[in-house]
Amino acid sequence: MKYTLITGACGGLGRAFVQLCAKNKENLILTGTNQTKLNSLLEEYKEKFEGLSVKTFVLDLGKLESRESLISFIEKE
């Protein structure tokens with residue numbers, strides 16, 4: 001299964017990309033720094049777009065450990 005990775009998914013531009021990709025029925029991996037906001041986004045888009053696979057991952061792209069964790073997460077998925 002293919003996924004589109006969107007970083008900063010809860011922000012203005014990131015959220016616009018989420019909406020566009022979801023409308024195109026692209027499965028999504030959404031990242032951001034706030035788990036609560038990511039969970040809210042996850043529920044909103046799973047409800048709006050039935051059958052869409054949405055996964056979330058909390059990270060700070062400024063930290064090497066976070067980027068490495070994201071790569072591991074993607075490889076597992």
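Residues numbered from 1 in each chain as written. Predicted model: local features only at pLDDT ≥ 70, side-chain atom pairs only at ≥ 80, totals over all residues. Heavy atoms only, no water.

J.: Sorry, what's going on with the pairing of strand β2 (residues 28-32) here?
T.: Along any regular strand the residues' side chains alternate between the sheet's two faces. The buried fraction of β2 amounts to five of the five residues, a majority that puts the element mostly inside the structure. Examined bridge by bridge, strand β1 (residues 4-6) and β2 share three bridges and lie parallel to one another. The partner of Ile6 across the bridge, within β2, is Leu30. Regarding the hand of the β-α-β motif, the stretch spanning β1, helix α1 (residues 12-23) and β2 is right-handed. Two elements, β2 and strand β3 (residues 54-58), share five bridges in a ladder whose sense is parallel. Bridging across to β3, Ile29 finds its partner in Lys55. Between β2 and its parallel partner β3, the chain crosses via helix α2 (residues 35-48), and the hand of that crossover is right-handed. (Buried < 20%, exposed > 50% of the residue type's maximum accessible area, 1.4 Å probe, protein only. Helix = DSSP H or I, 4+ residues; strand = E, 2+ residues; numbered from the N terminus. Pairing = 2+ DSSP bridges. Right-handed = clockwise from strand over helix to strand, strands pointing away.)

J.: How should the nonpolar core be read in this particular structure?
T.: Soluble globular proteins: nonpolar side chains tend toward being buried together. The biggest cluster of nonpolar side chains holds 13 residues, and the ones touching the most others in it are Ile6, Ala9, Val18, Leu28 and Leu30. Within the residue set of this core, elements represented by two or more residues are α1, β2 and α2. For this core, the leading source of residues is α2, giving four residues. Other than its neighbours up to four places away in sequence, Val18 contacts Ile6, Ala9, Leu28, Leu30, Leu41 and Tyr45. (Core = buried A, V, L, I, M, F, W, Y, C linked by side-chain atoms within 4.5 Å. Contact = heavy atoms within 4.5 Å.)

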